Amino acid sequence: MLRSATFLAIGLLVVWGLVALVPYAAMYSTLRPLSRAERGELASDEAQSFLVRAGRVDLRRRLALRSQRGTALPSPPANAWRWGYEESLRLPADAKIYLNDPRAAVYFYGTFFWLPARLDVNPEPVTITGHANLKRGARRVPESDFAELERRGYSHVVTRAHESFEIVDLSPAGEVP
């Protein structure tokens, strides 16, 4: 009796585990034919990725309200992923980049995509271990002081431009093409 109950319990756990894999399989089949930029953008989109929504009750509530209203706002992490990836194709590997508007998604995706280029949020050394440290350690530099950043060895500055970001090349040539 105990042996059959054990096998039944194990069988149920295996079935339960297989059912839990269905969303992963669906995500895999959706992401497989896409480019790296598209895969990352989709996987980091709060509205589309069940992994991003997992355990975030407040986010799920906000997304449900948006869908009821019929308003789908762009996902900041997804936008930062795509932008960071696209800029990585243009930035030189030896770039030293200053993030003048410290957004966590841009900082963390930037450090991933732009490696080995260096990305800083403060001209002085600071340790970034999370979102709170990023905000505390960052120092915004006015555009009039970009020449000082160039003297300190920075080649590019990430600035806020309307609803997105742009990279300003500090060399005499101007912006990154």
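Just so we're clear, the structure is a prediction, and the values are computed from it rather than from any experiment.

1. Comments concerning the overall build of the protein chain
Looking only at helices and strands, the protein chain features 9 helices and 4 strands. Ordered by position from the N terminus, the helices and strands of the protein chain form the series α-α-α-α-α-α-β-α-β-α-α-β-β. By the burial criterion, 34% of the 177 residues in the protein chain qualify as buried.

2. Thoughts on the confidence of the model for the protein chain
For the protein chain, the average pLDDT comes to 83, and 90% of its residues sit at 70 or higher. Within the protein chain, the element-level pLDDT minimum falls on helix H4 (residues 50-53), averaging 66, and the maximum on strand E1 (residues 96-99), averaging 94.

3. Some words on the sheet that holds E1
Read across the sheet, 4 strands follow the order E2-E1-E3-E4 without closing on themselves; strand pairing throughout is mixed. Two strands in the sheet have a free side with no partner beyond their single neighbour: strand E2 (118-120) and strand E4 (164-169). For this sheet, the mean angle separating the axes of adjacent strands, direction not counted, is 30°. In this structure, E1 lies alongside E2, joined through 3 bridges in parallel fashion. By the bridge assignment for E2, Ile 97 is matched with Leu 119. Across the face of the sheet, helix H6 (residues 76-88) comes into contact with strand E3 (156-161) and E4 while running at roughly 20° to E4. Its contacts with the sheet place helix H7 (residues 104-113) against E1, E2, E3 and E4, and it is angled at close to 165° to E2.

4. Some details on the pairing of E4
Across 6 bridges, the pairing between E3 and E4 is antiparallel. Following the sheet pairing, Val 157 is matched in E4 by Val 168. Two successive antiparallel strands, E3 and E4, enclose a turn made up of 2 residues, where His 162 displays a positive phi of approximately 55°.

5. A word on the pattern of salt bridges
Two side chains that carry opposite charge are able to pair once their charged atoms sit near each other. By the definition in use, this model includes 8 salt bridges. With a shortest N-O distance of 3.2 Å, Glu 124 and Arg 152 are connected by a salt bridge. Within this pair, whereas Glu 124 is found in the loop between E2 and helix H8 (131-137), its partner Arg 152 is found in the loop between helix H9 (146-151) and E3, the two being separated by 28 residues in sequence. When its relative accessible area of 40% is taken as the criterion, Glu 124 is described as partly exposed. According to the relative accessible area criterion, Arg 152 is partly exposed, its value standing at 35%.

Here is what the cut-offs are and how they apply
Residues numbered from 1 in each chain as written. Predicted model: local features only at pLDDT ≥ 70, side-chain atom pairs only at ≥ 80, totals over all residues. Heavy atoms only, no water. Helix = DSSP H or I, 4+ residues; strand = E, 2+ residues; numbered from the N terminus. Buried < 20%, exposed > 50% of the residue type's maximum accessible area, 1.4 Å probe, protein only. pLDDT = per-residue confidence, 0-100. Pairing = 2+ DSSP bridges. Axes fitted to C-alpha atoms, helices over the stretch in contact; angles between N-to-C directions. Contact = heavy atoms within 4.5 Å. Salt bridge = Lys/Arg side-chain N within 4 Å of Asp/Glu carboxyl O.

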